[in-house]
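# Coordinate inspection notes
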Amino acid sequence: MIDFAAAYGRLSANARGALWMLASALIFTIMVTLVKYLGHGYSPALQAFYRQAAGLVVLAPIILRDPRAAYKTTRPGLLLFRATCLTIGVVMAFYSYQQLPLADANALSFTRTLWMVPLAAFVLREAIGPWRLGATLVGFCGVLVMLRPSPESFMNLPALAALASGLLFALGITGMKLMTRDHTLTALIVWGATLGLALATPMALLEWRWPTPLDFALLSAMGALGLGSQVCYVRGMSLGEAGAMAPIDYTRLVFAALVGFALFGEIPDLTAMAGAAIVIAATLAITLREARLNKAPPVSPE
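Residues numbered from 1 in each chain as written. Predicted model: local features only at pLDDT ≥ 70, side-chain atom pairs only at ≥ 80, totals over all residues. Heavy atoms only, no water.

What follows covers the overall build of the protein. Per the secondary structure count, the protein includes 14 helices and zero strands. Starting at the N terminus and ending at the C terminus, the protein contains elements arranged as α-α-α-α-α-α-α-α-α-α-α-α-α-α. Here the C-alpha atoms of the protein give a radius of gyration of 19 Å, agreeing with the 19 Å that 2.2 N^0.38 yields for 302 residues. Relative to its 302 residues, the protein shows a buried fraction of 48%. Taking contacts inside the protein between residues at least 6 apart in sequence as the whole, the part at least 24 apart equals 89%. Accessible surface, the protein as shown: approximately 14300 Å² in total, 72% of it carbon and sulfur. (Helix = DSSP H or I, 4+ residues; strand = E, 2+ residues; numbered from the N terminus. Rg over C-alpha atoms; globule rule 2.2 N^0.38 Å. Buried < 20%, exposed > 50% of the residue type's maximum accessible area, 1.4 Å probe, protein only. Contact = heavy atoms within 4.5 Å. Areas by Shrake-Rupley, 256 points an atom, 1.4 Å probe, with all protein chains shown as cover.)

Here it is, written out as structure tokens:
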């Protein structure tokens, strides 16, 4: 019988990190598959509510063990701003996953890395060199290729929602960067889940629908998977070198394309995939550049 624990222990740090990153990509793909599958009966706001509620249930043992430490904060205003950005961002992202092909929605979600560049300059006061600025502009050119600008494209609300969610996630990551100076990661996750549930509840009540037992199980699983994907991502990034780990996150685009074709009959659009390739190349270039400069990559908030 194979001793998996021993085999795992013999792997290099990068190999162990890669396994966690692959797990994160797979779990994330399962989560968005459930988002799309349940989209016929449950609005994005309702799905966001169940996601936050399930995440808070999973975090309950950590909170109950030491509530004071879990909720320790010195900047409640910034926490509320970050939670608002992420909650609205999740609702918009879920809308895009429901309405767009899974591969397209995944590709547009990576624009959060592009939005981080101007935010880093104006909010974090980081120096933005010509190389990083050029990669950002190329990335947004890829977005234009995907959207194929025309009067009709401005009515493509799911694609615009995906772009807006990327911006909101980037704002949330920027807030996290500011608060990691005096907050633990546990406190940020706990506060994010708690405030996220409080903010999602009013939106969910406007479109409330009691789920069937099966749907309730799937909605709860969707929420737990969202938190699990984040945990695996953080674990992978903490074990391996950022430059080696970052490219693995993009495997979820491949997984999404395969699942979209197998379960939903989505045929990849060549022009959209060409634009997605440009977006991924640009965001990957930015991420690898930051890794070489020894800047920690942002934690995925999705």
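Turning our attention to the environment of Met-203. Looking at the secondary structure, you find Met-203 in helix α10 (residues 185-206). Residues Met-203 and Ile-88, spaced 115 residues apart in sequence, show a C-alpha to C-alpha distance of 9.9 Å. Each residue touching Met-203, except ones within four places of it in the same chain, is listed here: Ala-45, Thr-87 and Val-91.

A contiguous nonpolar surface patch, about 220 Å² in accessible area, is contributed by Leu-11, Leu-19 and Leu-22. The partly exposed category is assigned to Leu-19, whose relative accessible area is 43%. (Patch = residues over 30% accessible without salt bridge, like charges linked within 9 Å, V, L, I, M, F, W, Y side chains within 5 Å. Salt bridge = Lys/Arg side-chain N within 4 Å of Asp/Glu carboxyl O.)

Side-chain pairing between opposite charges can occur once the charged atoms of the two side chains come close. Under the counting rule described, the total for this entry stands at three salt bridges. Salt-bridge contacts for Glu-266 lead to Lys-36; the nearest nitrogen and oxygen are separated by 3.3 Å. Remark: Lys-36 occurs in helix α2 (residues 13-37) and Glu-266 occurs in the loop between α13 (251-264) and α14 (270-292); sequence separation between them is 230 residues. For Lys-36, a relative accessible area of 14% puts it in the buried group. A salt bridge links Arg-252 to Asp-249; the shortest N-O distance between them is 3.6 Å. Neither residue differs from the other here; Arg-252 and Asp-249 are each classed as buried. Beyond isolated ion pairs, a larger network of salt bridges with shared partners links Arg-112, Asp-249 and Arg-252.

Mapped onto the fold, Phe-264 is located in helix α13. Here the alpha-carbon distance between Phe-264 and Ile-286, two residues 22 residues apart in the chain, equals 33 Å. Ignoring sequence-local partners within four residues, the contact set of Phe-264 consists of Thr-33, Lys-36, Tyr-37, Leu-102 and Val-259.

All right, on to the packing of aromatic side chains then. Tallied over the entire structure, the rule returns nine aromatic pairs. Pairing Phe-49 with Trp-208 gives two aromatic rings, centres 5.6 Å apart and planes at 80°, and the pair type is edge-to-face. Within this pair, whereas Phe-49 is found in helix α3 (residues 44-65), its partner Trp-208 is found in the loop between α10 and α11 (213-239), the two being separated by 159 residues in sequence. Note on Trp-208: relative accessible area 28%, which makes it partly exposed. Each ring, one from Tyr-71 and one from Trp-191, has its centre 5.1 Å from the other, and the planes form 85°; the classification is edge-to-face. In this pair, Tyr-71 sits in the loop between α4 (67-70) and α5 (76-99) while Trp-191 sits in helix α10, placing the two residues 120 residues apart along the sequence. Taking the ring centre of Phe-264 as reference, the NZ or CZ of Lys-36 above it sits at 5.8 Å. (Phe/Tyr/Trp six-rings, centres within 6.5 Å; stacked < 30°, edge-to-face > 60°. Lys NZ or Arg CZ within 6 Å of the ring centre and 35° of its normal.)

To describe two helices that pack against each other, one gives the angle between their axes and the distance between the axes. Interaxial distance between α3 and α11 falls to 7 Å at its minimum, and their mutual angle equals 65°. Read as a crossing pair, α3 and α11 show a hand that is right-handed. The residues of α11 that touch α3, namely those facing Gln-47, Tyr-50, Arg-51, Ala-54, Gly-55, Val-58 and Leu-59, are Phe-216, Leu-219, Ser-220, Met-222, Gly-223, Ala-224, Gly-226, Leu-227 and Gln-230. Of the residues in the contact of α3 with α11, the class split is nine nonpolar, six polar and one charged. (Axes fitted to C-alpha atoms, helices over the stretch in contact; angles between N-to-C directions. Left-handed = near helix turned anticlockwise from the far one by under 90°. Nonpolar A, V, L, I, M, F, W, Y, C, P; charged D, E, K, R; others polar.)

Here we take up the side chain of Gln-52. By secondary structure assignment, the location of Gln-52 is in helix α3. With residues near it in sequence (within four places) discarded, Gln-52 still touches Thr-87, Gly-192, Ala-193, Gly-196 and Leu-197.

Another point: the packing of helix α7 (residues 111-122) against helix α8 (residues 130-147). One can describe the packing of α7 onto α8 by two numbers: an axis separation of 10 Å at closest approach and a directional angle of 140°. Here α7 is positioned oblique relative to α8, judged by the angle of their axes. Both α7 and α8 take part in a crossing whose hand is left-handed. Facing Thr-111, Leu-114, Trp-115, Val-117 and Ala-120 of α7, the residues of α8 in contact are Arg-132, Ala-135, Thr-136, Gly-139, Phe-140 and Val-143. Within the contact of α7 with α8, the residues separate by chemical class into seven nonpolar, three polar and one charged. (Parallel < 35°, antiparallel > 145°, perpendicular 65-115°, else oblique.)

This part covers the nonpolar core. Tyr-97, Leu-108 and Met-222 are the most contacted members of the largest nonpolar core, which totals 48 residues. Tallying contributions element by element places α3 first for this core, with seven residues. (Core = buried A, V, L, I, M, F, W, Y, C linked by side-chain atoms within 4.5 Å.)

Residues at a pLDDT of 70 or more form 92% of the protein, whose mean pLDDT is 86. Confidence, expressed as mean pLDDT per element, reaches its minimum in the protein at helix α12 (residues 242-245) with 72 and its maximum at α5 with 93. (pLDDT = per-residue confidence, 0-100.)

What follows deals with the environment of Met-176. Examined against the element boundaries, Met-176 turns out to sit in helix α9 (residues 157-179). Once the C-alpha coordinates of Met-176 and Pro-61 are considered, the two residues, 115 residues apart in sequence, prove to be 23 Å apart.

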